[in-house]
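Tertiary structure, described
So you can see what is in the structure, the chains are spelled out below.
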Amino acid sequence: MTEGEQDQGAERPYRVLSLDGGGMRGIYTAAFLARLTDQFARIRGESALDLGRGFDLITGTSTGAIVGCALAIGRPMTEVVALYREHGPKIFPHRIAGKRSAIYRATQGSRFVREGDKALREALRGVLHDVTMIDVFEGRGISLAIPTVLMSEHRAWVFKKTPKSGVRDDRYPLVDVCMATSAAPIYRSLAAIDDPNAPGGPKQVFADGGLWANNPIMVGLVDALTVASPERPIEIYSLGTCPRPEGDHLDAESAHRSMLDWSLGADVAPLSISAQEFAFDHMARLLTNAISSCGRSIRRVRFPNKPVPASMMPYLALDDTRSEAMDRLVGQAHTDADLTKSACDDLNSDDGRMIRRLMHDLPPMPATGAVWSCAATHNQKG
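Bear in mind the structure is a predicted one, so any value in this text is a computation, not a measurement.

To continue, consider the confidence of the model for the protein. A residue-level look at the protein finds 84% of positions with pLDDT of 70 or above and a mean pLDDT of 88. Confidence over residues 1-9 falls short of pLDDT 50; this stretch has eleven contacts with residues more than four positions distant or in other chains. In the predicted structure, residues 376-382 sits below a pLDDT of 50 and forms nine contacts with residues beyond four places in sequence or in another chain.

Have a look at this one:
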């Protein structure tokens, strides 16, 4: 069997891409995917490969949703890397780095988050334009599931368009969806967006989906089980954002932390992210193993799957927009992508074979991005 071919008569797997949140560490995600797909494009003699079209469903939280939505509309990942480099310092105009910076931030009121909110919206419009959820589904055949939190009810909300999701979220622009899922408390403004189902009505306010699903693999798994036919295999590709190996060695006395010791709350977010990444990945592993033992074929791969080098530790803050930090994240992404490619070349690596098959199944696209039209959907709206 040649690369890209399935066993004769076998159905193509239902493929899910799951992208973690992580603030500025999204530049790592985009650089990793750019590097890996570029290598396979050159091997295949193509200008570029349309990674988004390789998946039936893309789920992403916060910065992962920004990368995922760009993939869904067929934008090159190099364009997303450039977004972080150019707009990151405007999105996070002040880095919280310890108690003093947290106190300074507290005295400035909403100035920094207002500036960041405006900068992010402008950056997103430059890449995602006015494309909506239904445009992606009808024009590209890709389902989306983007976690966030609806503030009016303090409950989890998933912006979703799949074959079984209904029409509630069809008309939401991807820009608004990304604003909602990336609205990290303390670091950014909450997202106040229009409800396209109630024109002229009050705005909806959302908070970051990372509050409950920073690693959205379980969201992707549930939707895949809901949508894919029972006999169809499921494959889940889960990508982290160079997660830092967190841990605090505390004695009994240092356990009595105050708000200031938590940098007025800024140090809680990284703790939540790390705990969720570990917990959700292991829950997904146990659940997929249990379901597979009942006869349903489900495979998952998590990459990168090695410890983060200690040299990266100073550059992993969610709001670190220093050029040095972005350079180090991109460099680490390239290293990890090269290691992933090496796994693909290892005939004894199950994960490598799974990723290699995906890469050889991807349709080609121009280096400038996929060419498609959502005009028909827009005309229907009008």
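What follows deals with the pattern of salt bridges. In a structure, side chains of opposite charge can pair up when their charged atoms sit close to one another. Here the structure, examined in full by the defined rule, presents 22 salt bridges. The residue D176 makes a salt bridge to R121 at a minimum N-O spacing of 2.9 Å. Taken together, the positions of D176 in helix α7 (residues 174-181) and R121 in helix α5 (residues 111-128) put the pair 55 residues apart, joining distant regions of the chain. On the basis of relative accessibility, which here comes to 9%, the residue D176 falls in the buried class. Given a relative accessible area of 28%, R121 falls into the partly exposed group. R155 is the partner of E153 in a salt bridge, and the nearest nitrogen-oxygen pair spans 2.8 Å. The partly exposed category is assigned to R155, whose relative accessible area is 35%. Through salt bridges with shared partners, one network takes in R15, E235, R357 and D361.

Another aspect to go through is the packing of helix α3 (residues 77-91) against helix α11 (residues 323-345). It is the contact of α3 with α11, at a shortest axis distance of 10 Å, that shows an interaxial angle of 160 degrees. In terms of orientation, α3 and α11 fall into the roughly antiparallel class. With respect to the hand of their crossing, α3 and α11 are arranged in right-handed fashion. Residue-level contacts link V81, Y84 and R85 of α3 to M326, D327 and V330 of α11. Grouping the amino acids of the contact of α3 with α11 by side-chain chemistry returns four nonpolar, no polar and two charged.

Here is what the cut-offs are and how they apply
Residues numbered from 1 in each chain as written. Predicted model: local features only at pLDDT ≥ 70, side-chain atom pairs only at ≥ 80, totals over all residues. Heavy atoms only, no water. pLDDT = per-residue confidence, 0-100. Contact = heavy atoms within 4.5 Å. Salt bridge = Lys/Arg side-chain N within 4 Å of Asp/Glu carboxyl O. Helix = DSSP H or I, 4+ residues; strand = E, 2+ residues; numbered from the N terminus. Buried < 20%, exposed > 50% of the residue type's maximum accessible area, 1.4 Å probe, protein only. Axes fitted to C-alpha atoms, helices over the stretch in contact; angles between N-to-C directions. Parallel < 35°, antiparallel > 145°, perpendicular 65-115°, else oblique. Left-handed = near helix turned anticlockwise from the far one by under 90°. Nonpolar A, V, L, I, M, F, W, Y, C, P; charged D, E, K, R; others polar.

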